[in-house]
Amino acid sequence: LVGNTVAAASDRPDLRYYFAVLDTPELEALAAPGGFVFIPRGALGVMADEAQLAGVLGHEIGHVALKHHNATIKAQRTKALAMFGANIGLGFVRGPAGAFTPVMSFAADSLAEGVLKGHSREEEMESDRVGFQYATRAGYDPAGLREFLGSLKAKSSDSGVAKFFSTHPGIDDRLQEQDKLGQGTSGGKREPQRFATAMGR
């Protein structure tokens, strides 16, 4: 419900989005090409209401809407093709049976890793900005993402939070940017009770 509401307010509202909850304690939500957005239970456990969920989902939808994966896929595809060429070359070289298999496996793994790897600092900041806009357009309180990031910063000693920071650089800069974006804005729906009911609290 929240994801589709925010996605409809994005810059690519005609794309069909798919949302799934991962049954893991991780804190890092992620997006993949084609409109797939995943959020772990660990992240949901930190949130207090739908506004915070809308902020996080808006950020991930931003990665999809801004096509942040495309450049990475192109680079990894080039690498995979090079490995494929090496595999063909091995076909003309005598060696142990199945010697090419690790090469192809490495090429496939590289492509997958490139798609799901952490984004650059610039891409994270850009997704923060458009995610803020998407949540606002969808009618949610745009302070949601800032509150979520603030909650994580307060738990910075936790191992799960440290892992999140390692793939999402510049937390202080992101919080400052959210403060700037929030100036002059107020209000919007929060839906804490509906969120709590959905979470089984």
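The structure displayed is predicted, hence computed values, not measured ones.

**A word on the packing of aromatic side chains**
Here comes step 1: Evaluated as defined, the whole model comprises 2 aromatic pairs.
Here comes step 2: With centroids separated by 6.3 Å and ring planes inclined at 20°, the aromatic side chains of Y17 and F19 adopt a geometry described as stacked.
Here comes step 3: Residue classification places F19 among the partly exposed positions, given a relative accessible area of 31%.
Here comes step 4: K189 extends its terminal NZ or CZ atom over the ring of Y140, reaching a point 4.5 Å from the ring centre.

**Things to note about the pairing of strand 3 (residues 36-40)**
Looking down a regular strand, the side chains alternate between one sheet face and the other.
Here comes step 1: Bridging between strand 1 (residues 18-22) and strand 3 involves 5 bridges; their strand directions are parallel. Counterpart to L22 in the pairing with strand 3 is P40.
Here comes step 2: Pairing analysis gives 3 bridges linking strand 2 (residues 30-32) to strand 3, with the strands arranged antiparallel. Residue A32 lies in a different strand from strand 3, and its bridge partner there is F36.
Here comes step 3: The loop that links strand 2 with its antiparallel partner strand 3 comprises 3 residues; one of these, G34, has a positive phi angle of about 95°.

**Comments concerning the packing of helix 7 (residues 144-154) against helix 9 (residues 171-182)**
Here comes step 1: Viewed as axis vectors pointing N to C, helix 7 and helix 9 meet at an angle of 150°, and their least axial separation amounts to 10 Å. Put simply, helix 7 runs roughly antiparallel to helix 9. For helix 7 against helix 9, the interelement crossing comes out left-handed. Contacts between helix 7 and helix 9 pair L145, R146, L149, G150 and K153 from the former with I171, D172, R174, L175, Q178 and D179 from the latter.
Here comes step 2: Class assignment of the residues belonging to the contact of helix 7 with helix 9 gives a composition of 4 nonpolar, 2 polar and 5 charged.

**Looking at the pattern of salt bridges**
Here comes step 1: With the rule as written, the count across this model stands at 12 salt bridges.
Here comes step 2: Note that R194 is salt-bridged to E50, the shortest N-O span being 2.6 Å. Of this pair, R194 sits in helix 10 (residues 192-198) while E50 sits in helix 3 (residues 50-65); the two residues are 144 residues apart in sequence, bridging distant segments of the chain.
Here comes step 3: A relative accessible area of 4% places E50 in the buried class.

**Digging into the side chain of H68**
Here comes step 1: Its location among the elements puts H68 in helix 4 (residues 68-90).
Here comes step 2: Assessed through its relative accessible area of 6%, H68 is described here as buried.
Here comes step 3: One polar contact links H68 to E126, side chain to side chain, over a distance of 2.9 Å.
Here comes step 4: Ignoring any residue separated from it by four or fewer positions in sequence, one finds H68 in contact with H63, H119, E123, E126 and S127.

Rules and cut-offs
Residues numbered from 1 in each chain as written. Predicted model: local features only at pLDDT ≥ 70, side-chain atom pairs only at ≥ 80, totals over all residues. Heavy atoms only, no water. Phe/Tyr/Trp six-rings, centres within 6.5 Å; stacked < 30°, edge-to-face > 60°. Buried < 20%, exposed > 50% of the residue type's maximum accessible area, 1.4 Å probe, protein only. Lys NZ or Arg CZ within 6 Å of the ring centre and 35° of its normal. Pairing = 2+ DSSP bridges. Helix = DSSP H or I, 4+ residues; strand = E, 2+ residues; numbered from the N terminus. Axes fitted to C-alpha atoms, helices over the stretch in contact; angles between N-to-C directions. Parallel < 35°, antiparallel > 145°, perpendicular 65-115°, else oblique. Left-handed = near helix turned anticlockwise from the far one by under 90°. Contact = heavy atoms within 4.5 Å. Nonpolar A, V, L, I, M, F, W, Y, C, P; charged D, E, K, R; others polar. Salt bridge = Lys/Arg side-chain N within 4 Å of Asp/Glu carboxyl O. Polar contact = N/O pair within 3.5 Å; in protein donor to acceptor, adjacent residues only side chain to side chain.

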